[in-house]
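# Report on the structure
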Amino acid sequence: EKGGFPHFMLKEIFEEPEVLRNALAGRIKNGKAHLPEMESVQSRIKSARNIQIVACGTSYHAGLVLKRFLEDHASISVEIDVASEFRYRNIHIDNSTVVIAISQSGETADTLEGIRKVKAQGGTVVAVTNVVGSTLARESDVVVYLNAGPEIGVAATKTYVSQLAVLYIIGAYFSQIRQDDDRVIQIINELEGMPTVFESTLSTINESIVQLAKEYYQYRHFMYIGRGYGYPTAMEGALKLKEISYIHASAYQAGELKHGPIALLDKEFPVFAIVPDDGLKAKVLSNIMETRARNARVVAICTEGDQEIGRIVNSRIEVPRVSEVLYPLVMSPYLQLFAYHAAVLRGNDPDKPRNLAKSVTVE
Ligand code: M6R
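Residues numbered from 1 in each chain as written. Predicted model: local features only at pLDDT ≥ 70, side-chain atom pairs only at ≥ 80, totals over all residues. Heavy atoms only, no water.

By the naming in an unreviewed UniProt entry, the chain goes by Glutamine--fructose-6-phosphate aminotransferase [isomerizing] and is assigned to Kosmotoga arenicorallina S304. What the UniProt record of the chain gives under Subunit (unreviewed entry) is the line "Homodimer." Its UniProt record gives the chain the following Catalytic activity (unreviewed entry) comment, quoted word for word: "D-fructose 6-phosphate + L-glutamine = D-glucosamine 6-phosphate + L-glutamate". (UniProt positions renumbered as here; feature names shortened; annotations may be inferred.)

What follows is the structure, given as structure tokens:
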């Protein structure tokens, strides 16, 4: 049932090209986002004063990407909160509130309580989930499914990739309704090519990531840093590493280092820098220099052909060039594989990390 792979997690990472195809199937028409399931809430999206996103864990990280996408391309301000905080906050909700709830399982207790609160106060809930007939699907106004198939590994991998793909489509749909931003046409166009990009990536990167993991798996700490769209990637990379390898990993917005976290760094505390060639690259480069000055080893994940970065970091992973919003997607399998191999080298079972359950149905 593992299809020749030693673990479900690895099998599921290698399913990502197909999962992307399924997430996008039928959802792009004439270069535009096509989501008939959202039609009933179209007018509420048009008139919404702001959008609220609610999710936990990896789903929250996918939500962070959507927040930025909507702000950049649908001219609307977006709030996001982890569900365990959202449910106890006194935020103003009325019938102009649109909430996007993201949950792979559709059974996460905090997320469900969050949306119940929204519904009770007259708000609209758009659910993004993988599980047909889940509690979240039943209790929301509309549902957009991931169609990713069951995920057995406790660490979310293929479903994160699938969430990002679906959220880009949702972001484009909001943009079409509210703003009509030409740049979105280009993003959708690139998104359509992503299954093929993933196919070629996954067929070539595994061995070099095994080597990288061998260099770093014995460290006790890791600090992931990024800015802009790179920050959710830093958070997700750190979560994956700590969840299955049990290496302590934290994530910071790279500009925050100087406000405290940089005090931690020395030669025993490596940094994983997320440095796509986007509008914030120069800023991240100067943050990397700050970490090098503390003797930290630096692994950078960057855009292919970036010579500048090679000169200042210890190790480098290159990803294909894409529009800046798509870097969180294109970088995902690299970070997942790094965590996977680090976990295996440390003798852990990545499919069943200690203390964790696949779906968190209690508060
Ligand atoms: O089913 P959900 O998406 O609501 O689950 C949320 C989190 O529990 C989940 O993403 C968790 O963080 C993953 N195990 C991380 O790999």
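From this point, the discussion proceeds with the structure in view.
Take helix H11 (residues 230-245) next. The terminal C-alpha atoms of H11 lie 22 Å apart, and with 16 residues this matches the ideal 22 Å at 1.5 Å per residue to within 8%. Within H11, 14 of the 16 residues are buried, which leaves the element mostly enclosed by the surrounding structure. Tyr-246 sits one or two positions beyond H11 and adopts a positive phi of about 65 degrees. (Helix = DSSP H or I, 4+ residues; strand = E, 2+ residues; numbered from the N terminus. Expected span 1.5 Å × (residues − 1). Buried < 20%, exposed > 50% of the residue type's maximum accessible area, 1.4 Å probe, protein only.)

The subject of this paragraph is unusual backbone geometry. If you check the backbone angles, Asn-30 has positive phi at about 50 degrees while not being a glycine. As for its position among the elements, Asn-30 is in the loop between strand E1 (28-29) and strand E2 (32-33). Residue classification places Asn-30 among the exposed residues on the basis of a relative accessible area of 82%. Of note, the phi angle at Asn-295 is positive, near 70 degrees, even though the residue is not glycine. Of note, Asn-295 is situated in the loop between helix H12 (281-292) and strand E11 (298-303). Judged by relative accessible area, which is 54%, Asn-295 ranks as exposed.

Further remarks concern the site of the ligand. Close to the ligand lie 14 residues; Ser-59, Ser-103, Gln-104, Ser-105 and Thr-108 are nearest. One nitrogen or oxygen atom from the main chain of Thr-58 is found 3.1 Å from an oxygen atom belonging to the ligand. Separating an oxygen atom of the ligand from a side-chain N or O atom of Lys-240 is a distance of 2.9 Å. Burial of the ligand by the protein amounts to 90% of the accessible area it has alone, namely 410 Å². Here the shell around the ligand is composed, by residue class, of 5 nonpolar, 7 polar and 2 charged. (Near = heavy atom within 4 Å. Polar contact = N/O pair within 3.5 Å; in protein donor to acceptor, adjacent residues only side chain to side chain. Areas by Shrake-Rupley, 256 points an atom, 1.4 Å probe, with all protein chains shown as cover. Nonpolar A, V, L, I, M, F, W, Y, C, P; charged D, E, K, R; others polar.)

Moving on to the packing of aromatic side chains. Counting across every chain of the model gives 9 aromatic pairs. With centroids separated by 5.8 Å and ring planes inclined at 85 degrees, the aromatic side chains of Phe-222 and Phe-338 adopt a geometry described as edge-to-face. With Phe-222 in strand E8 (residues 221-226) and Phe-338 in helix H14 (residues 327-345), this residue pair connects regions lying 116 residues apart in the sequence. Each member of the pair Phe-222 and Phe-338 is classed as buried. Judged by centre distance (4.9 Å) and plane angle (5 degrees), the rings of Tyr-224 and Phe-272 are stacked. Note that Tyr-224 is positioned in strand E8 and Phe-272 in strand E10 (residues 271-275), a separation of 48 residues in sequence. Judged by its relative accessible area of 1%, Tyr-224 is buried. (Phe/Tyr/Trp six-rings, centres within 6.5 Å; stacked < 30°, edge-to-face > 60°.)

Quick look at the pattern of salt bridges now. Taken as a whole and judged by the stated rule, the model has 23 salt bridges. The partner of Glu-37 in a salt bridge is Arg-27, with the nearest N and O atoms 3.4 Å apart. One end of the pair, Glu-37, is in the loop between E2 and helix H3 (42-47); the other, Arg-27, is in the loop between helix H2 (16-24) and E1, with 10 residues separating them in the sequence. Residue Glu-37 is classed as partly exposed on the basis of its relative accessible area of 27%. Judged by its relative accessible area of 7%, Arg-27 is buried. Put simply, Lys-11, Glu-15 and Lys-158 are held in one network by salt bridges that share partners. (Salt bridge = Lys/Arg side-chain N within 4 Å of Asp/Glu carboxyl O.)

What follows concerns the side chain of Ser-323. Looking at where Ser-323 falls in the secondary structure, it is placed in the loop between strand E12 (315-319) and H14. A distance of 2.6 Å separates the side chain of Ser-323 from the side chain of Glu-190, its partner in a polar contact. If near-sequence neighbours (up to four positions away) are discounted, Ser-323 is found in contact with Gln-186, Ile-187 and Glu-190. (Contact = heavy atoms within 4.5 Å.)

Once that is clear, we can look at the pairing of E8. Most of E8 sits out of view: 5 of its 6 residues are buried. As judged from the 6 bridges shared by E8 and strand E9 (residues 248-253), these two strands associate in the parallel manner. Bridged to Tyr-224 within E9 is Ala-251. Between the parallel pair E8 and E9, the chain is carried across by H11, and the sense of this crossover is right-handed. Relative to E10, E8 runs parallel, the two sharing 3 bridges. The residue of E10 that forms the bridge with Ile-225 is Ala-273. (Pairing = 2+ DSSP bridges. Right-handed = clockwise from strand over helix to strand, strands pointing away.)

With that settled, the discussion passes to the packing of helix H8 (residues 158-178) against helix H9 (residues 182-204). Where H8 contacts H9, the axes come no closer than 10 Å and their chain directions differ by 165 degrees. The angle between the axes of H8 and H9 places the two elements in the roughly antiparallel class. When the axes of H8 and H9 are compared, the crossing they make is left-handed. Where H8 abuts H9, its residues Val-161, Ala-165, Tyr-168, Ile-169, Ala-172 and Ser-175 lie against Val-184, Ile-188, Leu-191 and Phe-198. Partitioning the contact of H8 with H9 into residue classes produces 9 nonpolar, 1 polar and no charged. (Axes fitted to C-alpha atoms, helices over the stretch in contact; angles between N-to-C directions. Parallel < 35°, antiparallel > 145°, perpendicular 65-115°, else oblique. Left-handed = near helix turned anticlockwise from the far one by under 90°.)

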